[in-house]
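Remarks on the overall topology
Listed below are the residues making up each chain.
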There are 2 protein chains.
Amino acid sequence: MSEQAVTAQSEDFSSWYNEIVYRADLAAPSPVRGCVIIKPYGYEIWEGIKSGLDRRFKATGHQNAYFPLFIPESYIKREAQHVEGFSPELAVVTHAGGKELEEPLVVRPTSETVIGEAFSDWIQSYRDLPLLINQWSNVVRWELRTRPFLRTAEFLWQEGHTAHATHDEAEEETLQMLDIYADFAIEDAAIPVIKGEKSRMERFAGALRTYTIEAMMRDKRALQSGTSHNLGQNFAKAFDIQFLTEANTQEYCWTTSWGLSTRMVGAVVMTHGDDKGLRLPPKLAPYQLVIVPIYRRDAQRTAVLETVERLRKSFEAANLRVHVDLREGQSPGFKFNDWEMRGVPLRVEIGPKDVENNNAVLARRDVMGREGKQFVSQDDVVAVARELLVDIQRNLLEDAREFRDAHIQDASSYDELRAIVAEGEWARAFWDGSDDDELAVKDETGATIRCFPFEQPDAQGACVYSGRSAEKVALFAKAY
Amino acid sequence: MSEQAVTAQSEDFSSWYNEIVYRADLAAPSPVRGCVIIKPYGYEIWEGIKSGLDRRFKATGHQNAYFPLFIPESYIKREAQHVEGFSPELAVVTHAGGKELEEPLVVRPTSETVIGEAFSDWIQSYRDLPLLINQWSNVVRWELRTRPFLRTAEFLWQEGHTAHATHDEAEEETLQMLDIYADFAIEDAAIPVIKGEKSRMERFAGALRTYTIEAMMRDKRALQSGTSHNLGQNFAKAFDIQFLTEANTQEYCWTTSWGLSTRMVGAVVMTHGDDKGLRLPPKLAPYQLVIVPIYRRDAQRTAVLETVERLRKSFEAANLRVHVDLREGQSPGFKFNDWEMRGVPLRVEIGPKDVENNNAVLARRDVMGREGKQFVSQDDVVAVARELLVDIQRNLLEDAREFRDAHIQDASSYDELRAIVAEGEWARAFWDGSDDDELAVKDETGATIRCFPFEQPDAQGACVYSGRSAEKVALFAKAY
């Protein structure tokens, strides 16, 4: 697989990305337009994402459920903005069981509608609130330009849906889930996301407010990596989700929804990858260590493999995810390159000399060459590996944070903003423009408002476009 | 929820089942024809099934992957028997992104075709074999008569797909996966399934041999609970899955597939449930224990809840899944009934007297009334509960096994078979009939051959229908 070097990031980031995704065996092309196959190595990263999130969802009182894949077409039309937002992307089942259906069924692009309808059945009184539901599922949005993990016609995700008695509780939930996404991204995926609020233009179809975590990829483009929506009473009114209050009155619920998808796998690739391939954060890496046995003669082979097997067991006993590369007919050099391509955080080399001297070589993926290599006594190798994995996790985050911070610049005029965006950087600027102003900036620069970050300067300023006094800065960037 | 008694099993098993499913909050009706919503309590049982199986799949070298939901219509048609088997049940997407598609896309009823196509890309040589893949996903089969969990237009399942160099390796895999299903069913779900081979008539469309685990429900009907197929080279030929042998020749692979679905949730309900509701095996129960606090006055409340909270922590520290029922405005009696309906294996009652005497009451779901109740010192309650849960798991299995064995009868003539089936029992009889004979038995008795069980008598016998000398007995029963 790794005979030929991949395209350098600096040369063509987009080609680099596609090559990495396929050569690191994360995904494979599929015969279905706009869909990819998620291969085991990519799927294991997704399983890591799932378990990291699921644990956090359950710890905050959410329960998983499963709703139908198909949604009657009429449901989608019930919330006006919602239908406008999703109509162009729908896949529609018109025939089933050999007959034309009376009402076409839409393959879910998201499940606010069918879950809204269910909530209206399930919720009677304030005693039923809050209702905190999450679903792990596939969704379909018929996109024209697709890229593995970043944008595919079908993708995997979780969608949370909750109902509350008051606006403030719904807002608290919306922000709590954003915090969970950010905590997961930073702690597990080592992606230093920025939390913020979306502009009106970029809001979810039908939401009161949309919050987002935004990440900077290695080409400095922004990737929206998870969103959390306060839906106000819009869906409650469209689907008649009412409850009896303690004071015995009927009121509409306040609902939220929040989602994070297999796009996060793409974020991991594009945040940490380099010209050698993937660099996986140890907490999400399918294999945290790979052991490569090195030998020439058969006599060496037996002794080396004995040691390798012993070490494998020690790593497993320490709950580390270890893989032994026993492929015959491939040189150690080929294997080193291959595992570098696949981003395994730590490589363990065991040769005949190491067997003799009770040594092992540990090589870090995040620090290439001699600097990242060390000889360790086999007696200490598990303990040292464990420490190194913690350090690699920390280092990848630190590295990404430095990169991010080096490429966000303040713009105090529209000319400056234009220049910054033209360089491919992110611009931070005061903003109080209209929707039309925002569209104009997009047309003229290619950048969109990624968010109004929660972290704001103390002072007010002048809107970089309209010149009006503005309370908040926004982040502008080209985005995926 | 539980104010009114459910229909007795003996009165109308089918009504009993539907009432239990909805009143125990496993599922809810959905607005989409033939689909149900799996509610959190039902979904947690499915999560238990998933983790029990996934652990076993991974321990035997299988990896998870994800393939597209949509399959080009032409793919389905490539394996002749396959298309015949699935055509009547297909749901078809004809429009997407606002346009009519050039080729309609089938919503996967199963993924042999699209995975076969992928395997033909991925497999080059014997070094790539065996290829051991599993997928957790939703599938759609447009069924006319649907019932929650047992038969729904959309359901959740896993489908394993593997490729091998030889027939024998594929056969070994097929049988290994059947063993895994049986081990899971018996050990985790406490369902004493019978392993066997399907008749030609009941084989998977396109398979060489189909193996099954069959379970007896409390109405004595059979439920096919998981199947494992040796696909021979049929799909390899249809999808050109070839490999280079060590001897440098091109050969077709031998493939297998095997699946188990949310139907297993229905099997748990119908194997263990009684007229009071569900009885969940502790290994799959979302809550293994529920604590019901009992108090009248506010002064009692504080002391009781303190004790309850302390016990909750002890149970959690012992890794037991515990729930505290703090609902206000509901009597303890209501709560007892409700948790009996929902099948929680152990109930813990804590009242003011128990606080005073450092006691707790433990009540088993599988042994109702006084006999299943005991007073335990709070100091021992965790240890005793743990032992009781092991005993409940064992008891449910034993109970189901006794029930099963009491309702399988040997038939030495067709008249006997007819009589046994008419009583609603399973008949075990020698069989060497033709496909037409098998259809005739189905027409005349309503029973199908569930399987040729692996456990066979030592002697040969005469076929119960054709009178020909027969090597094997088959199990005949009415089935879901």
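Residues numbered from 1 in each chain as written. Chains lettered and ligands numbered in written order. Predicted model: local features only at pLDDT ≥ 70, side-chain atom pairs only at ≥ 80, totals over all residues. Heavy atoms only, no water.

Description of the packing of helix H13 (residues 414–422) of chain B against helix H14 (residues 435–445) of chain B
All names here are of chain B. So the rule is basically this: Interaxial angle, 0 to 180 degrees, is taken between N-to-C directions of lines fitted to C-alpha atoms, where a helix line uses only the stretch in contact. The way it works is that DSSP assigns letters per residue, a run of H or I at least four long becomes a helix, a run of E at least two long becomes a strand, and they are numbered from the N terminus. Roughly parallel refers to an angle under 35 degrees, roughly antiparallel to one over 145, roughly perpendicular to one between 65 and 115, and oblique to any angle outside these ranges. Crossing handedness is defined as follows: a turn of the near helix away from the far one that is anticlockwise and smaller than a right angle gives a left-handed crossing, while the clockwise case is right-handed. The contact criterion used throughout is that any non-hydrogen atoms of two residues lie within 4.5 Å. Under the convention adopted here, Pro, Cys and the residues Ala, Val, Leu, Ile, Met, Phe, Trp and Tyr are nonpolar, Asp, Glu, Lys and Arg are charged, and Gly plus all remaining residues are polar.
Between H13 and H14, the least distance of the axes is 10 Å, while the angle of their chain directions is 45 degrees. By the criterion of interaxial angle, the relationship of H13 to H14 is oblique. In this structure, the crossing between H13 and H14 has a hand that is right-handed. For the pair H13 and H14, contact is made by Tyr414, Leu417, Arg418 and Val421 and by Ala440, Val441, Glu444 and Thr445, respectively. Grouping the amino acids of the contact of H13 with H14 by side-chain chemistry returns five nonpolar, one polar and two charged.

So, the pairing of strand E7 (residues 131–140) of chain B
Note on strand geometry: in a regular strand, side chains alternate between the two faces of the sheet. All names here are of chain B. In plain terms, the rule: Buried, partly exposed and exposed residues are distinguished by accessible area as a fraction of the type maximum, computed with a 1.4 Å probe on protein chains only: under 20%, between the cut-offs, and over 50%, respectively. We treat two strands as partners when DSSP finds at least two bridges between them.
With 10 of its 10 residues buried, E7 lies for the most part within the structure. With burial as the criterion, each face of E7 is covered, one bearing Leu131, Ile133, Gln135, Ser137 and Val139 and the other bearing Leu132, Asn134, Trp136, Asn138 and Val140. Examined bridge by bridge, E7 and strand E8 (residues 154–164) share 10 bridges and lie antiparallel to one another. Looking at E8, one finds that Asn138 is bridged to Leu156.

Considering the relation of the copies chain A and chain B
Stated formally: A least-squares superposition brings the copies together, and it is based on the C-alpha atoms of residues with pLDDT no lower than 70 in both.
For these two chains of identical sequence, chain A goes onto chain B by a turn of 180 degrees and a shift of 0.0 Å along the axis, with RMSD 0.0 Å. Taken together, the rotation angle and the small translation identify this as a two-fold axis. Within chain A, Val93(A) has its C-alpha nearest the rotation axis, a separation of 2.1 Å. When you check the interface residues of chain A against chain B, 100% turn up at the interface there too, and the contact is symmetric in its surfaces.

Focus on the sheet that holds strand E3 (residues 63–64) of chain A
Residues and elements named next belong to chain A. Sheet architecture is open: 11 strands sit in the order E3-E7-E8-E14-E11-E10-E9-E22-E25-E21-E20, paired in mixed fashion. At either end of the open sheet lies a strand with only one pairing partner, and these are E3 and strand E20 (408–410). Bridge analysis of strand E21 (residues 426–431) against strand E25 (residues 472–477) gives five bridges, and the strand direction is antiparallel. Across the sheet, the residue bridging to Phe430 is Val473, located in E25. Across the sheet, helix H12 (residues 381–406) is in contact with strand E9 (194–197), strand E10 (209–216) and E20; its angle to E20 comes to roughly 30 degrees.

Comments concerning the interface of chain A and chain B
Rules: When a carboxyl oxygen of Asp or Glu is within 4 Å of a side-chain nitrogen of Lys or Arg, the pair counts as a salt bridge. By the criterion applied in these results, polar contacts are pairs of N or O atoms within 3.5 Å in which, for protein atoms, one can donate a hydrogen and the other can accept it, and in which residues neighboring in sequence qualify only through two side-chain atoms.
Counting residues at the interface gives 52 residues for chain A and 52 residues for chain B. For the pair chain A and chain B, the number of links is two salt bridges. Residues Glu47(A) and Lys58(B) are paired through a salt bridge, measuring 3.2 Å at the closest nitrogen-oxygen approach. Applying the counting rule to chain A against chain B returns 22 residue pairs in polar contact (both at pLDDT 80 or more).

With respect to the sheet that holds strand E15 (residues 289–293) of chain B
All names here are of chain B. Read across the open sheet, the five strands follow the order E16-E15-E17-E18-E19; overall the sheet is mixed. Only two strands of the sheet have a single neighbouring strand rather than two, namely strand E16 (322–324) and strand E19 (373–377). Neighbour to neighbour, the strand axes of the sheet diverge by 25 degrees on average, direction disregarded. Two elements, strand E17 (residues 346–350) and strand E18 (residues 359–364), share four bridges in a ladder whose sense is antiparallel. Its bridge partner being in E18, Arg347 is matched across the sheet by Ala363. Sheet strands in contact with helix H12 (residues 381–406) are E15, E17, E18 and E19, and its direction is about 5 degrees off that of E18.

Section: the packing of aromatic side chains
Residues and elements named next belong to chain B. Counted only if it meets this: Stacked, edge-to-face and tilted are the three classes for Phe, Tyr and Trp ring pairs, Trp counted by its six-membered ring, which pair at centre distances within 6.5 Å; planes under 30 degrees apart are stacked, over 60 edge-to-face, the rest tilted.
For the coordinates displayed, the defined rule picks out 30 aromatic pairs over all chains. Judged by centre distance (6.1 Å) and plane angle (45 degrees), the rings of Tyr41 and Tyr287 are tilted. Note that Tyr41 is positioned in helix H2 (residues 40–59) and Tyr287 in the loop between helix H8 (263–272) and E15, a separation of 246 residues in sequence. Grouping residues by exposure puts Tyr41 and Tyr287 together as buried.

A closer look at the pattern of salt bridges
Opposite charge on two side chains permits pairing when their charged atoms draw close. Under the definition given, this model contains 68 salt bridges over all chains. Between Asp391(A) and Arg364(A) there is a salt bridge, with the nearest N and O atoms lying 2.9 Å from each other. Of this pair, Asp391(A) sits in helix H12 while Arg364(A) sits in strand E18 (residues 359–364), placing them 27 residues apart in sequence. The closest approach of N and O atoms between Asp183(B) and Arg56(B), which form a salt bridge, is 3.0 Å. A residue pair is termed long-range when its members are at least 10 positions apart, and Asp183(B) in helix H6 (residues 167–187) and Arg56(B) in helix H2 qualify at 127 residues.

What to know about helix H8 (residues 263–272) of chain A
H8(A) sits mainly inside the fold: 10 of its 10 residues count as buried. Restricting attention to buried positions, one finds in H8(A) the residues Arg263(A), Met264(A), Val265(A), Gly266(A), Ala267(A), Val268(A), Val269(A), Met270(A), Thr271(A) and His272(A).

Examining the domain arrangement of chain A
Short version of the rule: Note that the domain bounds were set by an automatic or database domain assignment.
Segmentation of chain A into domains returns domain 1 (2–272), domain 2 (289–391) and domain 3 (408–477). Computed over C-alpha atoms, the centres of domain 2 of chain A and domain 3 of chain A are 49 Å apart.

Brief notes about the environment of Ala400(A)
Residue and element names in this part refer to chain A. By the element assignment, Ala400 lies in helix H12. Along the primary structure Ala400 and Glu349 are separated by 51 residues, whereas in three dimensions their C-alpha atoms are 28 Å apart. When residues no more than four places from it in sequence are discounted, the contact partners of Ala400 are Ala190, Pro192, Arg218, Thr271 and His272.

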